[in-house]
Amino acid sequence: MAAHRFKIGERVIFHSPRTATAPSVFTVLRLMPAEGQDLTYRIKSTEVGIERIAKERELSSLHEEQT
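Note that the structure is a prediction, hence the values are computed from the model and not measured.

Participant: Even after reading the chapter, I still don't get the packing of aromatic side chains, so can you show me in this structure?
Facilitator: Summed over the entire model, instances satisfying the criterion amount to two aromatic pairs. Taking the centre distance of 5.8 Å and the plane angle of 65 degrees together, the rings of F6 and Y41 count as edge-to-face. Of this pair, F6 sits in the segment before β1 (11-14) while Y41 sits in strand β3 (residues 38-45), and the two are 35 residues apart along the sequence. Across the pair, Y41 and F6 agree in class, each one buried. Ring geometry for F14 versus F26: centroids 5.5 Å apart, planes at 70 degrees, classification edge-to-face. In this pair, F14 sits in strand β1 while F26 sits in strand β2 (residues 24-35), placing the two residues 12 residues apart along the sequence.

Participant: Honestly, the pattern of salt bridges in this entry has me stumped. Any pointers?
Facilitator: Side chains that differ in charge, positive against negative, can pair when their charged atoms come close. Enumeration according to the criterion identifies three salt bridges in this entry. A salt bridge links D38 to K55; the shortest N-O distance between them is 3.9 Å. In this pair, D38 is assigned in strand β3 and K55 in strand β4 (residues 51-55), connecting sequence segments 17 residues apart. Residue class for K55 comes out partly exposed when judged on its relative accessible area of 24%. Residue R57 pairs with D38 through a salt bridge whose shortest N-O separation is 3.1 Å. Within this pair, whereas R57 is found in the loop between β4 and β5 (59-61), its partner D38 is found in strand β3, the two being separated by 19 residues in sequence. A cluster of three or more residues bridged by salt bridges with shared partners is formed by D38, K55 and R57.

Rules and cut-offs
Residues numbered from 1 in each chain as written. Predicted model: local features only at pLDDT ≥ 70, side-chain atom pairs only at ≥ 80, totals over all residues. Heavy atoms only, no water. Phe/Tyr/Trp six-rings, centres within 6.5 Å; stacked < 30°, edge-to-face > 60°. Helix = DSSP H or I, 4+ residues; strand = E, 2+ residues; numbered from the N terminus. Buried < 20%, exposed > 50% of the residue type's maximum accessible area, 1.4 Å probe, protein only. Salt bridge = Lys/Arg side-chain N within 4 Å of Asp/Glu carboxyl O.

Laid out in C-alpha cells, this is it:
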C-alpha cells in the first residue's frame, strides 16, 4: 500500500478539477483511506474555513508552488 505524500498539519495547494477557480491554500486535517487508486485527505481552507475531501493528485506542496 502506498504512503500518503502529505502529513497532518501541512499546508498544501488544492487544484480543483471541477471548477475554473484559482488554486487555494488548505491545511491537511486527516489522512483518509484510498478511493480506488487515489489516496485521499480531509483538508480545510486557510482562507474561508471550508472543509472538503481531496484526492492526492489534486494537491501540491505549498513549498513546491513557491519555488
